[in-house]
Amino acid sequence: MQDRGQVPGAAGLVLVDGVSLLHPEEQVFEAMLLGFANQQLARNLAFPTVQNREHHLRAFARHADAFPWAWSSHLADDWFSDLRAVRHVSRSTIRSYQVAIRGFCAYLIDPAYGWAGECEVRFGTHPIQVIHDVNAAAHVADCEAGAARRAFTRAELQALFDHADDEVARKRALGRKGWLSAFPDATIFKIAYGYGTRRNETRMLDAADFGRNPDGPEFGEYGVCYVRHGKAQRGSPPKRRSVLAVWAWTSEVLEQWFTEIKPCFGTPNNPAAWPSERGPRVGVQQLNKRLAAYRDALGMEPGLDFHSLRRSYVTHLIEDGWDPRFVQEQVGHDHASTTSIYTCVSSDYRTRTLRKALDNIVSEALNPPAGGTR
């Protein structure tokens, strides 16, 4: 082949000219995946994104029982039908699979990478784009979470925190070592709600990520939470923001944790705010598991998950009369419409708002301003 390309992910960089392949189909497919990974990394996409897309592509190849140069739109449609009808995957998951396949096919047919010519020479055919506008799921809603996903009510939230505290007290009273591992659960849930942080933002906090707020000295050393691992935009590093403490009890919880409990883990050189007994910091799956266990023990709905703590933070601040713009800045949303999706105000709040508006109307009608007309 002539000039197989030198851009990241080009066939000429991952396949060597003049070398016979023992298993050409499998080896070319692996080279394609490697090249696609290099191309995505060159675009500054995150490693987890690249790895997830490779997982999706391998899953499609297994289902289709075909290599990329034999893929078709019919095979793609059949797979998505199976995912929806049999496995009942979510709409967002379907879209993520389609994004991976569409991007991979676009990479393969791009002349800059030379894969079409490589396949013609080796297999007598070439890859095509199999995801088009007619068979791709449209992203038409800002929020694709299921209807069951919602915020905790205040009563549910209090019950969750009480149950987590009770677990610590119960295990400690029985003389079990497990009380130490139960304490982080109770603290993490409270802090995720207290600062409105996402799951990964919470687990990635270090002890040094809390500091004083000069305008809020009553919060002591925990007036500000500096989030360094916020949700990133495509191709950009994690987004940073600072979250101001709004509730006095968050400082009390953190003071107890850092002065009394964290030293018991025996990891003085570990910067993580929430160390794990088996690793440097608590894992995502552990957070999901523990919250689900407490939720189920209390008989709460399965739609209440770790992210519901963040939804609750937004909802309760809005209900308490905090300025929506302030809330938007606290949770790191670029658009107010995104914050509004998180807001699940209670019927009591709406009733109070309506009553207040009606009372104002009546008051203005009965007491018109001087010189006004009735």
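Coordinates for the structure precede this section.
Here is what the cut-offs are and how they apply
- Residues numbered from 1 in each chain as written.
- Predicted model: local features only at pLDDT ≥ 70, side-chain atom pairs only at ≥ 80, totals over all residues.
- Heavy atoms only, no water.
- Helix = DSSP H or I, 4+ residues; strand = E, 2+ residues; numbered from the N terminus.
- Buried < 20%, exposed > 50% of the residue type's maximum accessible area, 1.4 Å probe, protein only.
- Contact = heavy atoms within 4.5 Å.
- Areas by Shrake-Rupley, 256 points an atom, 1.4 Å probe, with all protein chains shown as cover.
- Expected span 1.5 Å × (residues − 1).
- Pairing = 2+ DSSP bridges.
- Axes fitted to C-alpha atoms, helices over the stretch in contact; angles between N-to-C directions.
- Parallel < 35°, antiparallel > 145°, perpendicular 65-115°, else oblique.
- Left-handed = near helix turned anticlockwise from the far one by under 90°.
- Core = buried A, V, L, I, M, F, W, Y, C linked by side-chain atoms within 4.5 Å.
- Phe/Tyr/Trp six-rings, centres within 6.5 Å; stacked < 30°, edge-to-face > 60°.

Scanning the protein chain from terminus to terminus reveals 15 helices and three strands. Counting the 374 residues in the protein chain, one finds 41% classified as buried. Considering only residue pairs separated by 6 or more positions, the protein chain has 63% of its internal contacts joining residues 24 or more positions apart. Counting only carbon and sulfur atoms, one obtains 53% of the accessible surface of the protein chain, whose full area is about 20,400 Å².

With 19 residues, helix α2 (residues 24-42) should reach 27 Å at 1.5 Å per residue; the first-to-last C-alpha distance of 26 Å fits that figure. Taken together, the buried positions of α2 are occupied by Val28, Phe29, Ala31, Met32, Leu33, Gly35, Phe36, Ala37, Gln39 and Gln40. Positive backbone phi, at 70°, marks Asn44, one or two positions downstream of α2.

So, about the pairing of strand β2 (residues 224-230). Pairing of strand β1 (residues 210-211) with β2, which is carried by two bridges, proceeds in the antiparallel orientation. Bridge pairing links Phe210 to Cys225 in β2.

Let's shift gears to the side chain of Thr197. When you line up the elements, Thr197 lands in the loop between α8 (179-195) and α9 (199-203). Those residues in contact with Thr197 that lie beyond four places of it in its chain are Ile191, Ala192, Thr202, Val227, Arg241 and Arg310.

We now examine the packing of helix α7 (residues 154-173) against helix α12 (residues 307-319). It is the contact of α7 with α12, at a shortest axis distance of 11 Å, that shows an interaxial angle of 130°. Considering their axes alone, α7 and α12 lie oblique with respect to each other. The way α7 lies across α12 gives a crossing that is left-handed. Along the contact surface, α7 presents Arg154, Leu157 and Leu160, while α12 presents Leu309, Ser312, His316 and Glu319.

With that out of the way, let us pick up the packing of α12 against helix α13 (residues 324-331). Close contact between α12 and α13 brings their axes to 10 Å; oriented N to C, the two are set at 160°. In this view, α12 runs roughly antiparallel relative to α13, as classed from their interaxial angle. Where α12 crosses over α13, the handedness of that crossing is right-handed. Between α12 and α13, the residues in contact are Arg310, Tyr313, Val314, Leu317 and Ile318 and Pro324, Val327, Gln330 and Val331, respectively.

Our focus in this paragraph is the nonpolar core. Residues Tyr195, Phe210, Leu254, Trp274, Phe306, Leu309 and Tyr313 are the most contacted members of the largest nonpolar core, which totals 49 residues. Only α7, α8, β2, α10 (248-261), α11 (284-297), α12 and α13 provide two or more residues apiece to this core. Broken down by element, the residue count for this core peaks at eleven residues, all from α8. Leu309 has contacts with Phe152, Leu157, Leu160, Phe189, Ala192, Tyr193 and Leu291, leaving out every residue within four places of it along the chain.

It is worth spelling out the environment of Asn52 at this point. Counting through the fold element by element, Asn52 comes out in helix α3 (residues 47-64). Considered as a pair, Asn52 and Tyr97 are 45 residues apart in the sequence and their alpha carbons are 9.2 Å apart.

Another point: the sheet that holds strand β3 (residues 239-244). If you walk across this open sheet you meet the three strands as β1-β2-β3, and the pairing is antiparallel. Each of the sheet's edge strands pairs with one partner strand only, and the pair in question is β1 and β3. Summarising the sheet, β2 and β3 pair through five bridges and their orientation is antiparallel. In the sheet register, Gly230 faces β3, and the bridge partner there is Lys239.

Turning next to the environment of Arg311. With respect to the helices, strands and loops of the structure, Arg311 is situated in helix α12. Exposure remark for Arg311: the relative accessible area of 10% places this residue in the buried category. Measuring from C-alpha to C-alpha, the distance between Arg311 and Arg150 comes to 6.9 Å, with 161 residues separating the pair along the chain.

What sets the pattern is the α-helix's 3.6 residues per turn: residues three or four places apart point alike. Its 17 residues give α8 an end-to-end C-alpha distance of 25 Å, which sits within 8% of 24 Å, the value for a rise of 1.5 Å per residue. In terms of burial, α8 is largely enclosed, as 16 of its 17 residues are buried. Just downstream of α8 lies Gly196, where phi reads positive at about 65°.

Turning our eyes to something else, we now look at the packing of aromatic side chains. With the rule as written, the count across this model stands at 29 aromatic pairs. Residues Phe29 and Phe67 carry aromatic rings whose centres are separated by 6.0 Å and whose planes lie at 70° to one another, so their mutual orientation is edge-to-face. Of this pair, Phe29 sits in helix α2 while Phe67 sits in the loop between α3 and α4 (73-85), placing them 38 residues apart in sequence. Ring centres of Trp322 and Phe326 lie 5.2 Å apart, and the angle between their planes is 25°; this geometry places the pair in the stacked category. On the basis of relative accessible area, Trp322 is assigned to the partly exposed category, the value being 33%. Through a chain of ring-to-ring contacts, the aromatic side chains of Phe36, Phe60, Trp71, Trp79, Phe80, Tyr97, Phe104, Tyr107 and Tyr113 assemble into a single cluster.

Right, let's talk about unusual backbone geometry for a bit. The phi dihedral of Asn44 is positive, around 70°, even though this residue is not glycine. By the element assignment, Asn44 lies in the loop between α2 and α3. One non-glycine residue, His88, adopts positive backbone phi at about 55°.

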